[in-house]
Amino acid sequence: MLRATLKSLLARKLRLVLSGLAVVLGVMFVAGSFVVTDTLNRTFESIFADAYSATDVAVSAKPKIAVSEMDGEEIAAPVPASTIDKIKTLPGVRSATGRIDADGARVIGSDGKVLTSTGAPRLGGNWTGADGLMELREGRGPSADGEIAVNATTAKLAGLTVGDRVGVLTLQPKKQFTLVGIWGYTGGRDSIGGVQEVAFTTPVAQDLMLGVPDAYTSIVVQATDGTTPAQLRDRVAAGLGPDYVVKTGEQLAQESTSSIQEGLGFFNNILLGFAGVALFVGIFLILNTFSIIVAQRTKELALLRAMGASRRQVIGSVLVEAIVIGLIASVLGLAAGIGVGAGLAYLFGSLNGDMALAPIGVPPVAIISSFVVGLLVTVVAAVLPALRASRIAPVAAMQEVALTDRPLTRLSVAGGIVTAAGGVALGVGLFGDTGDATLWLILAGVLVSFVGIALLTPLISKPVIGLLGRLFAWSVPGRLGRLNSGRNPRRTAITAAALMVGIALVTGVTVIMDSAKSSLRAEAASILKAQIMISGDQTGARPPTYDPTVITRTAALPGVRAAAALYDDMVQIDGDNQYVVAADDLSVLAESYGTTAAPLRDDQIAVSRPEATERNWQVGSTTTVQGARGDPHTYTVALIYTDDTLPGRIILPAVAIKDFGINQPVLGFVRLDDGVPVSSVLPQVKQFLADSPEVTATDAATFVDQQAAQFDQIITMIQILLGLAILIAVLGVINTLALSVLERTRELGLLRAVGLGRAQTMRMITVEAVVISVFGALLGVAVGAGMGAAVTRALKDDGITQIVLPWGRMGTYLLLAALVGVVAAVVPAIRAARLNVLGAIAHD
């Protein structure tokens, strides 16, 4: 029986390739996810090991606010310079050096633009001289206040050479320096991990990067001979007390790596999620393939039964075929995944200053998951066809018989029950208070709903396909293609359902994003009274900022009614981390927003009504706020405002800005007098921003469009990631048609014999493919629009107040589905047209 199965498999190589290709693509995504994550993990391990290789012990002050890597940037508390002298008196200390390393030194390149970063920090620090890791390549270190040195990565990105005048943005507005040196790192590296670095003299670094004189972000301590880093750590910790954090270089490297791995783990989960979608679609393809194969092998399987094969052996025969396909596909998918993972890692490295990557490796989890996933998907998909094959009666070997479609009643009832269960889970997840289980309920609801809708698809396929087919029924090939696409509802439904999943997810996300865009525009139109906005695009961990004097100069322009700057930062309120905003003058901010409010005193805050309700605050309530710098302050609630009438949920007074991690404004609002055209003021505001190249001034409509464009970027990213699932669905259409042509060889020969030409035969196959593809896309658009509308409705309290159906995009998806059908039909149609008429008629 095993030999017969293997011979049957080898005799039908086409179905082996088509069935396995879906699994190959899905496994490739899974393996690639693990390979890229493993490579980047080892890359960052190496980066941090190098970065702290010259550090025995590092001392830092406890941060005012503890912030995780995923929540934002943690601002280091300053370490007083006097701490160095105290450390030097401790036993086992060979040297203690004050270091300043703070993110936020943005170099302006030779083209006048700020160097951006896609993840790596832009560090500013003090020059402490070359050591065993750093090496000067050109010039020297800075020795005067107007001098800087940069690492080679920064010099290359900015197009700088020694002697150039360079603008740098820091905690203070743009300042000009002379570049006196360029350094690199051992091993010919231009940077460590793609980090952009600027070195100032120590007093300048303290002023620009810390805002505090005679202080450092850390103190690097080296041990004397015979003293281990762990021993030195314990002595320094005991000597300094509990207000300091003392760790070895090895500890710091491990902690930094763990922090990065948390983010990479999140990235890996996203990739695996999309891989799961692709594999879910692949199950439909394989299920359909094996169903067609069983139908084609009816006489062969019946003959085996007549010769004594048991039902169990027949089931085993089909499952063995699935296992062989799964094994081969897993091997190929793993190999392809290694290539994809290497490519993604290279792309990541090139986007981060040509980061030196660790050698590409294949972790055990990639190998294990590839084979588990590949085998599991193929075997699960083959179970139902295998059970159906086992029910073939031996008498079928002596008859010209094919497996007839069973009634759809049971399938439809099951589909209705499953769809209802999925809808309930989705509804509870979206509208119920389920805490941490919300995401899982929503995912389960979507998955179960897709399965239920797929089970219901045969019920609606015949009438819908009949209607779609009428568009092509004006010719004989069109009528034949229409009839062929509806002759087997189950087969058509499974093929269409595979395409439905990908289209539904893309449509659902598009509905949500377009609804969010429309809600944003509507909200901006109702609450944003400023005609000019000052803002920038954030490309790194820190938001773009500008010189606060821009607002002062703008407010003095003729025709300007009010100009206000907005600051934001994360603070700690009664022990909880919370993002807040601050303004120089709340009354001016309110005026630019189109409302009124009294100025805040130094001990007062304004709170939105939802925030006040959540915290049980009333006017007169007090709270303690700890900023990223300075000491905690107690504030009194002076104003509770209607949500969206002012920016943010909590507004602090101007005095709090000095304790922010970034004490420059991130947004600006300019409201003009009635009748004053924007064109008369906007050019002057842009001129004021000449020394703040991270931001620009635009009219309010352009600003809103820029914010809304971020949703389009999300849609594009999801379309790319779901493209693999849609590609697998397209393979499903090709597979179904190719196997259908083989199944209908004799029928096609008879049609050719009675006068159907080759071109007509190709048109018939093409119509069949287009009808199936458009049916799947139509189903996906309908399901996706419904799910997207449900999610949007659930997000009403989060600001998405309008439901928008993107008719243009949905129409595009249907047109693309028709094009997909044409492309999918090319190979099967050519194969059908080239059939030898006499040989096809004689085909058994």
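Since we're looking at a predicted model, the values are computed, not measured.

**Student:** So, the overall build of the protein: which residues are in play, and what are the values?
**Tutor:** Looking only at helices and strands, the protein features 24 helices and 23 strands. The dimensions of the protein, computed from C-alpha atoms along their principal axes, are 100 × 75 × 50 Å. Within the span of the protein, comprising 844 residues, buried residues form 50% of the whole. Surface accessibility of the protein: about 36700 Å² in total, with carbon and sulfur atoms responsible for 61%. Considering the protein, the positive charge centre built from 65 side chains and the negative charge centre built from 67 side chains are found 19 Å apart.

**Student:** Run through the confidence of the model for the protein, naming residues and quoting values.
**Tutor:** Taken residue by residue, the protein gives an average pLDDT of 83. The fraction at 70 or more is 92%. Within the protein, no element has a lower average pLDDT than helix α1 (residues 2-11), which sits at 57, and none a higher one than strand β21 (residues 650-652), at 95.

**Student:** An account of the pattern of salt bridges is requested, with residue identities and associated values reported.
**Tutor:** Under the definition given, this model contains 21 salt bridges. Connected through shared salt-bridge partners, Asp514, Lys517, Asp712 and Arg809 make up one network.

**Student:** Provide a residue-level description of the sheet that holds strand β3 (residues 93-99), including the pertinent values.
**Tutor:** On the basis of which strands lie adjacent, the open sheet formed by four strands has the order β3-β13-β1-β14 and antiparallel pairing. The outermost strands of the open sheet, each flanked by one partner alone, are β3 and β14 (244-248). Across this sheet, the average inter-strand angle for adjacent strands is 20 degrees, counted without regard to direction. The pairing of strand β1 (residues 57-61) with strand β13 (residues 218-223) spans three bridges and is classified as antiparallel. By the bridge assignment for β13, Val59 is matched with Ile219. Along the sheet, helix α6 (residues 229-240) makes contact with β1, β3, β13 and β14, crossing β14 at roughly 175 degrees.

**Student:** Describe unusual backbone geometry, with residues and values.
**Tutor:** Excluding glycine, residues mostly have negative phi values, and the peptide bonds linking residues are mostly trans. The backbone of Asp574 shows a phi angle near 50 degrees, a positive value even though the residue is not glycine. As for its position among the elements, Asp574 is in the loop between β16 (560-573) and β17 (576-583). Among the residues examined, Asp574 registers a relative accessible area of 47% and is labelled partly exposed. Even without glycine at this site, Asn616 takes up a positive phi of about 60 degrees. Along the chain, Asn616 turns up in the loop between α17 (609-615) and β19 (622-626). By relative accessible area, which is 65% here, Asn616 ends up exposed.

**Student:** Could you give me a rundown of the nonpolar core, with the residues and numbers involved?
**Tutor:** Residues Phe284, Phe450, Met500 and Val501 are the most contacted members of the largest nonpolar core, which totals 84 residues. Look past the residues within four positions of Phe284 in its chain and what remains in contact with it is Ala454, Ile494, Ala497, Ala498 and Val501. If you look at the next biggest cluster of nonpolar residues, it comprises 43 residues, including Val57, Val150, Ala152 and Val246.

**Student:** Give a detailed account of the packing of aromatic side chains, specifying residues and quantitative values.
**Tutor:** Under the counting rule described, the total for this entry stands at four aromatic pairs. When the centroid spacing of 6.2 Å and the interplanar angle of 25 degrees are considered together, the rings of Phe44 and Phe48 count as stacked. A residue pair is termed a helical-turn pair when its members lie 3 or 4 positions apart in one helix, as Phe44 and Phe48 do in helix α2 (residues 13-51) at four residues. For Phe44, a relative accessible area of 10% gives the class buried.

**Student:** Which residues make up the packing of helix α14 (residues 489-527) against helix α22 (residues 807-824), and what are the values?
**Tutor:** Where α14 meets α22, the closest approach of the two axes is 10 Å, and the angle between their N-to-C directions is 160 degrees. On the basis of their axis angle, the class for α14 and α22 is roughly antiparallel. For the element pair α14 and α22, the recorded crossing hand is right-handed. Each of Val506, Thr507, Thr510, Asp514 and Lys517 in α14 lies in contact with α22, whose residues at this interface are Arg809, Met810 and Tyr813.

Calculation rules
- Residues numbered from 1 in each chain as written.
- Predicted model: local features only at pLDDT ≥ 70, side-chain atom pairs only at ≥ 80, totals over all residues.
- Heavy atoms only, no water.
- Helix = DSSP H or I, 4+ residues; strand = E, 2+ residues; numbered from the N terminus.
- Buried < 20%, exposed > 50% of the residue type's maximum accessible area, 1.4 Å probe, protein only.
- Areas by Shrake-Rupley, 256 points an atom, 1.4 Å probe, with all protein chains shown as cover.
- Lys, Arg positive; Asp, Glu negative; His and termini not counted.
- Charge placed at Lys NZ, Arg CZ, Asp CG, Glu CD.
- pLDDT = per-residue confidence, 0-100.
- Salt bridge = Lys/Arg side-chain N within 4 Å of Asp/Glu carboxyl O.
- Pairing = 2+ DSSP bridges.
- Axes fitted to C-alpha atoms, helices over the stretch in contact; angles between N-to-C directions.
- Contact = heavy atoms within 4.5 Å.
- Core = buried A, V, L, I, M, F, W, Y, C linked by side-chain atoms within 4.5 Å.
- Phe/Tyr/Trp six-rings, centres within 6.5 Å; stacked < 30°, edge-to-face > 60°.
- Parallel < 35°, antiparallel > 145°, perpendicular 65-115°, else oblique.
- Left-handed = near helix turned anticlockwise from the far one by under 90°.

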